[in-house]
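Summary of structural features
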Amino acid sequence: MTESIIEGLSAYFLKCPLLKDGVFRVDALGSEPVEYALESAITSPVMQTYIDGSSIRQYQFNFNSRETYSMDRVLAIQNESFYENLCNWVEAQSVSGNLPEMPEGCEAQALTVLAPGFMMDATMENAHYQIQLQLQYFKEAPKNEKI
């Protein structure tokens, strides 16, 4: 059990065998390769609400990285291949039910790739890549506590 969704996602991606040695952050991507970061996206969290107050929700977020970059074709293929493989890993984990741990009262249902890896920006030395993802989860109804 985690204290927050982003904590569960961070622990989840740290277990990914595709990640290279590097820094892993939340809401901050440094300027030197190799770095990874998760950042939340702007979206409405509630997808469906049930009569008892429980709901199906979404947590949209981005997986970012700073990679070594040049105009070399082989290096560009390696960077693009990393993101193709990462998308495949996420999809395979979701299908097999291996999903992030969630806070109390929440249960992860699916992790979906919304947009595959793409380059956000680049210099002649490094590039910022991103995947957009969605975690779908069930959240229990708030408990009515008497005061």
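Notes on the structure in this doc start here.

What counts and what doesn't
Residues numbered from 1 in each chain as written. Predicted model: local features only at pLDDT ≥ 70, side-chain atom pairs only at ≥ 80, totals over all residues. Heavy atoms only, no water. Helix = DSSP H or I, 4+ residues; strand = E, 2+ residues; numbered from the N terminus. Buried < 20%, exposed > 50% of the residue type's maximum accessible area, 1.4 Å probe, protein only. Contact = heavy atoms within 4.5 Å. Areas by Shrake-Rupley, 256 points an atom, 1.4 Å probe, with all protein chains shown as cover. Lys, Arg positive; Asp, Glu negative; His and termini not counted. Charge placed at Lys NZ, Arg CZ, Asp CG, Glu CD. Phe/Tyr/Trp six-rings, centres within 6.5 Å; stacked < 30°, edge-to-face > 60°. Lys NZ or Arg CZ within 6 Å of the ring centre and 35° of its normal.

Quick notes on the overall build of the protein chain
Of the regular secondary structure elements, the protein chain holds two helices and six strands. Listing the helices and strands of the protein chain from first to last along the sequence gives α-β-β-β-β-α-β-β. With the principal axes as the frame, the protein chain shows a C-alpha extent of 65 × 30 × 25 Å. Within the span of the protein chain, comprising 147 residues, buried residues form 41% of the whole. Contacts in the protein chain between residues at least 24 apart in sequence constitute 64% of all its contacts with a sequence separation of at least 6. Element-wise, carbon and sulfur atoms account for 51% of the exposed surface of the protein chain, whose accessible area totals about 8,600 Å². When the 9 positive and 20 negative side-chain charges of the protein chain are each reduced to one mean point, those points stand 5 Å apart.

So, the packing of aromatic side chains
Scanning the model with the defined rule gives 12 aromatic pairs in all. Between Tyr12 and Trp89, the ring centres sit 5.4 Å apart and the planes meet at 45°, which makes this aromatic pair tilted. Here the residue Tyr12 occupies a position in helix 1 (residues 5–14), and Trp89 occupies one in helix 2 (residues 73–95), the gap between them amounting to 77 residues. With a centroid separation of 5.7 Å and an interplanar angle of 20°, the aromatic rings of Tyr83 and Tyr129 are classed as stacked. Pair noted here: Tyr83 is in helix 2 and Tyr129 is in strand 6 (residues 126–139), with a separation of 46 residues, a long-range link. Judged by relative accessible area, Tyr83 falls into the buried class, the value being 1%. The class for Tyr129 is buried, based on a relative accessible area of 1%. An aromatic cluster is defined as three or more aromatic residues linked by ring pairs; in this entry it consists of Tyr12, Phe13, Phe24, Tyr36, Tyr59, Phe61, Phe63, Phe82, Tyr83, Trp89 and Tyr129. Its guanidinium or amino end placed over the ring of Phe82, Lys20 lies 5.3 Å from that ring's centre, counting from NZ or CZ.

Remember, this is a structural readout, not a statement about activity or role.
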